Amino acid sequence: MADSASSRPLTRDSVLEAHGIIKPFIHRTPVVTNSTLSALASTSREPKDLESTPWAGRDPAKPKIRLWFKCENLQRVGAFKIRGAFHAIERLKREPDWVEGGGMQKGVATHSSGNHAQALALAARTAGIPAHIVMPNTTSPLKKAATAGYGANVSFCGNTAPEREAAAAKVVSETGARLVPPYDHPDILLGQGTVGLELQEQVLEDLPSGLNAIMAPIGGGGLLSGVALSCEGTGIQVFGAEPSDQDADDCKRGFEAGKRIESVSTMTVAEGLRTPVGEIPWSIIYERRLVRDIFTVSDQEIIKATQLLMERAKLYVEPSAAVPLAVALYNEDFRKMVEAEGGEAGWDLGLVLTGGNVATQDLGNLFSSLL
């Protein structure tokens, strides 16, 4: 990976620069609306729906929310991760010491549960360099096959972050490849931040007043921190969405404690969010206060939101992508905030649909749990 010290400053201008670099390699994915889902988000829940929740006994919120979906499920490799991967490799190709030292022959390496793995494999193949990918054993067969299909050398490891990092370090030692981490590097998060730039621009084409806020899922934090940089100085508020089950809410807990939580062990249904937030993303999300707050939802609520996106919006997404919609529909703290601050006018809320890499048989198992 390019030396962090030589990376561009973590600013909105650097996200704009990153966008110029990766434009030839990515899709400008569509932004869509859906009147049914906006109506559901703007409809008060029944008091009985709040029973057995943290909001039992409270009056249900009555927000007005108009939803704008950035469809990165239609991106190359089926996820936003391609943005950071191409930006990282294009920056690396501009590093003279790496190129002259045989870097193009040694290639790149990473550890990933799937979407970053596929993205780096494709970006490396496009650049004509080898890619060595370490994947957790529990990664879906779909993502394993896709990563290998892009020409990567794939190996497997345990499921925790320390196991993944140790396995990747071993591969780097054996091959001399340069590590391209999945989220904790400036080049990665600047590339991911281009999602936010496009979302802002595309909404302005139809809505001159623009967005009130953007919400993105939070795992390692590369996407959320990049989106936050893209919104700096625009007046657009940024929020994170995270699973609450099985201690997957490390960023939310870190927000409340005022300290980054460094490890997480979870098997939340939102597979792409099973990692702790990285140091560099945390410095943007929390220390610079570019993200206002983090809101959480249960796995069952994530599954329901996934099903709604497929059935009502005809958008094929993986559960991780549905977490922001679940917050807009089911988190009463977020909904009360929108009600209070949006008033009669309400909010125009951008939601990043991060990816669509999920096997149909896995979805069948997920949806059966709702019956």
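In this text, all values refer to a predicted model and were calculated from it rather than measured experimentally.

Rules behind the numbers
- Residues numbered from 1 in each chain as written.
- Predicted model: local features only at pLDDT ≥ 70, side-chain atom pairs only at ≥ 80, totals over all residues.
- Heavy atoms only, no water.
- Helix = DSSP H or I, 4+ residues; strand = E, 2+ residues; numbered from the N terminus.
- Rg over C-alpha atoms; globule rule 2.2 N^0.38 Å.
- Buried < 20%, exposed > 50% of the residue type's maximum accessible area, 1.4 Å probe, protein only.
- Expected span 1.5 Å × (residues − 1).
- Pairing = 2+ DSSP bridges.
- Phe/Tyr/Trp six-rings, centres within 6.5 Å; stacked < 30°, edge-to-face > 60°.
- Lys NZ or Arg CZ within 6 Å of the ring centre and 35° of its normal.
- Core = buried A, V, L, I, M, F, W, Y, C linked by side-chain atoms within 4.5 Å.
- Contact = heavy atoms within 4.5 Å.
- Axes fitted to C-alpha atoms, helices over the stretch in contact; angles between N-to-C directions.
- Salt bridge = Lys/Arg side-chain N within 4 Å of Asp/Glu carboxyl O.
- Parallel < 35°, antiparallel > 145°, perpendicular 65-115°, else oblique.
- Left-handed = near helix turned anticlockwise from the far one by under 90°.
- Nonpolar A, V, L, I, M, F, W, Y, C, P; charged D, E, K, R; others polar.

1. A word on the overall build of the protein chain
Thought 1: Per the secondary structure count, the protein chain includes 17 helices and 10 strands.
Thought 2: Computed over the C-alpha atoms, the radius of gyration of the protein chain is 20 Å, within 12% of the 21 Å expected from 2.2 N^0.38 for a compact globule of 371 residues.
Thought 3: With respect to the principal axes defined by its C-alpha atoms, the protein chain has extents near 65 × 40 × 40 Å.
Thought 4: By residue count, 61% of the 371 residues in the protein chain fall in the buried class.

2. A look at the environment of Ala216
Thought 1: For Ala216, the location among the structural elements is in strand 7 (residues 213-217).
Thought 2: Remark: the alpha-carbon pair of Ala216 and Ala322, spanning 106 residues in sequence, is separated by 9.6 Å.

3. Let's talk about helix 15 (residues 319-330)
Since the α-helix packs 3.6 residues into each turn, any two residues three or four apart lie on the same face.
Thought 1: Between the first and last C-alpha of helix 15 there are 15 Å, a value that for 12 residues agrees with the 16 Å anticipated at 1.5 Å per step.
Thought 2: The element helix 15 is largely enclosed, with a buried count of 12 among its 12 residues.
Thought 3: Inspection of helix 15 places Pro319, Ser320, Ala321, Ala322, Val323, Pro324, Leu325, Ala326, Val327, Ala328, Leu329 and Tyr330 among the buried residues, and these make up the whole buried set.

4. Looking at the sheet that holds strand 2 (residues 65-71)
Two modes of strand pairing occur in sheets, parallel and antiparallel, and in both the strands are linked by backbone hydrogen bonds.
Thought 1: The mixed open sheet is built from six strands, whose spatial order is 1-2-10-7-8-9. The sheet is open, and its two edges are formed by strand 1 (31-32) and strand 9 (293-297), each paired on a single side.
Thought 2: Of the pairings in the sheet, the one linking strand 2 to strand 10 (residues 347-353) comprises seven bridges and is parallel in character. Its bridge partner lying in strand 10, Phe69 is registered against Leu351.

5. A word on the packing of aromatic side chains
Thought 1: Overall, the coordinates contain nine aromatic pairs when judged by the stated rule.
Thought 2: A centroid spacing of 6.4 Å and a plane angle of 75° characterise the contact between Phe334 and Trp347, whose relative ring orientation is edge-to-face. Residue Phe334 is located in helix 16 (residues 332-342), and its partner Trp347 is located in strand 10; the two are separated by 13 residues in the primary sequence.
Thought 3: Grouped by ring-pair contacts, the aromatic residues Phe239, Phe295, Phe334 and Trp347 constitute a single cluster.
Thought 4: The ring of Tyr286 has Arg289 lying over it, and the distance from NZ or CZ to the ring centre is 4.1 Å.
Thought 5: The ring of Tyr330 has Lys304 lying over it, and the distance from NZ or CZ to the ring centre is 4.7 Å.

6. What to know about the nonpolar core
Thought 1: Leu67, Leu309, Leu325, Phe334 and Leu349 are the most contacted members of the largest nonpolar core, which totals 44 residues.
Thought 2: The element that contributes the greatest number of residues to this core is helix 15, accounting for nine residues.
Thought 3: The contacts of Leu349, once residues within four sequence positions are left out, are Ile65, Arg66, Leu67, Trp68, Leu211, Ala213, Ile214, Met215, Ala328 and Phe334.
Thought 4: With 36 residues, the next largest nonpolar core counts Phe80, Ile218, Leu223 and Phe255 among its residues.

7. A look at the sheet that holds strand 4 (residues 131-136)
Thought 1: If you trace the four strands from one edge of the open sheet to the other, you get 5-4-3-6, paired in parallel fashion. Strand pairing shows two members of the sheet lacking a second neighbour, strand 5 (153-157) and strand 6 (178-179), which therefore form its edges.
Thought 2: Bridge count between strand 3 (residues 108-111) and strand 4: four bridges; the pairing is parallel. Residue Val108 lies in a different strand from strand 4, and its bridge partner there is Ala131.
Thought 3: Relative to strand 4, helix 7 (residues 141-149) is tilted by about 175°, and along the sheet it contacts strand 4 and strand 5.
Thought 4: Running over the sheet, helix 8 (residues 161-175) touches strand 3, strand 4, strand 5 and strand 6 and is turned about 160° from strand 4.

8. Concerning the pattern of salt bridges
Thought 1: According to the stated counting rule, one finds 24 salt bridges in the structure shown.
Thought 2: A salt bridge links Arg91 to Glu17; its shortest N-O distance comes to 3.0 Å. Separated by 74 residues along the polypeptide, Arg91 in helix 3 (residues 81-92) and Glu17 in helix 1 (residues 12-22) bring together distant segments of the chain.
Thought 3: A relative accessible area of 14% means that Arg91 is categorised as buried.
Thought 4: Between Arg253 and Asp249 there is a salt bridge, with the nearest N and O atoms lying 2.9 Å from each other.
Thought 5: Judged by its relative accessible area of 13%, Asp249 falls in the buried class.
Thought 6: When salt bridges with common partners are traced through the structure, they connect Lys70, Glu72, Arg83 and Glu198 into a single cluster.

9. Comments concerning the packing of helix 3 against helix 6 (residues 115-127)
Thought 1: Direction vectors running N to C along helix 3 and helix 6 enclose 40°, while the axes themselves pass 8 Å from each other. It follows that helix 3 is oblique to helix 6 by the angle criterion. The two elements helix 3 and helix 6 meet at a crossing, and its hand is right-handed. Counted together, Lys81, Ile82, Ala85, Phe86 and Ile89 of helix 3 and Asn115, His116, Ala119, Leu120, Leu122, Ala123, Ala124, Thr126 and Ala127 of helix 6 form the full contact between these two elements.
Thought 2: The class makeup of the residues in the contact of helix 3 with helix 6 is 10 nonpolar, three polar and one charged.

10. A word on the packing of helix 12 (residues 250-257) against helix 13 (residues 279-287)
Thought 1: In the contact formed by helix 12 and helix 13, the axes pass within 11 Å of each other and the chain directions differ by 55°. Classified by the interaxial angle, the pair formed by helix 12 and helix 13 is oblique. With respect to the hand of their crossing, helix 12 and helix 13 are arranged in right-handed fashion. Residues Cys251, Gly254 and Phe255 of helix 12 pack against Trp282, Ile285 and Tyr286 of helix 13.
Thought 2: By residue class, the composition of the contact of helix 12 with helix 13 is five nonpolar, one polar and no charged.

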